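Each chain is listed here by its residues.
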Amino acid sequence: MNKLDNSQVIESLQRKFGDHIHQITEPKGLLTVHTDRGHIIEVLQFIKEDERLQFIYLTDITAVHYPGSELEFMIVYHVHSLVHNVRIRIKVPLSKMDLVIPTATVLWNGANWMERETYDFYGVNFEGHPDLRRILNMDEMEVFPMRKEYPLEDPNRVDKKDLYFGR
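Nothing here was measured: the structure is a model prediction, and the numbers come from that model. (Residues numbered from 1 in each chain as written. Predicted model: local features only at pLDDT ≥ 70, side-chain atom pairs only at ≥ 80, totals over all residues. Heavy atoms only, no water.)

Q: Any details on the nonpolar core? Residues and values, ideally.
A: Judged by nonpolar contacts, the single largest core of 39 residues is most densely connected at Leu13, Leu44, Ile47, Ile75, Tyr77 and Ile88. Elements with a minimum of two residues in this core: helix H1 (6-17), strand E2 (31-34), helix H2 (40-49), strand E3 (57-65), strand E4 (73-81), strand E5 (86-94) and helix H3 (111-122). The element contributing the most residues to this core is H2, with 6 residues. (Core = buried A, V, L, I, M, F, W, Y, C linked by side-chain atoms within 4.5 Å. Buried < 20%, exposed > 50% of the residue type's maximum accessible area, 1.4 Å probe, protein only. Helix = DSSP H or I, 4+ residues; strand = E, 2+ residues; numbered from the N terminus.)

In structure tokens, the structure reads:
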């Protein structure tokens, strides 16, 4: 079996999905591709079940918040081919007003807790998830703490005023 490299993965993805795979980059050798919400499960299933690729290990699912962007949230999947020791990062941009994406629990049971954590911290609704509820924060919490919607410091703190530091 020949060693799998990023160019072969890109070729396989483009052959199968065409324009639904875009913004292909390789920061520090990590293949990163973007797709859309409607094709994410198909892409994940393809890379998992394809005999050549064998990306069978879901390492992580998380999100990133880019405030001020048109599509403020990026859902990020890290998947590893243990057979070839190759990793891929797949990103799906979402709008703040429509934070819904299909669940990956249909492919990996381990996605359950990763999606619950992403929901808990970012408010992403994983459609079809078997038990989408908070996992680390209190159930009564009404905010999503990893969103960049709040000031970094309390403006009322007196210990940070220049007056106290002779400035």
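Q: Requested: an account of the environment of Gln14, with residues and values cited.
A: Along the polypeptide, Gln14 turns up in helix H1. On a C-alpha basis, the gap between Gln14 and Asn112 in space is 28 Å, while along the polypeptide they are 98 residues apart.

Q: Which residues make up the pattern of salt bridges, and what values do they have?
A: Applying the stated criterion to the full structure yields 7 salt bridges. When the shortest N-O distance is used, the salt bridge between Arg133 and Asp131 registers 2.9 Å. Overall, Arg133 belongs to the partly exposed group, its relative accessible area being 46%. In this structure Asp131 comes out as partly exposed when scored by relative accessible area, which is 28%. A salt bridge links Arg147 to Glu149, with the nearest nitrogen and oxygen atoms 3.6 Å apart. Taken together, the shared-partner salt bridges in this structure form one network comprising Lys96, Arg147 and Glu149. (Salt bridge = Lys/Arg side-chain N within 4 Å of Asp/Glu carboxyl O.)

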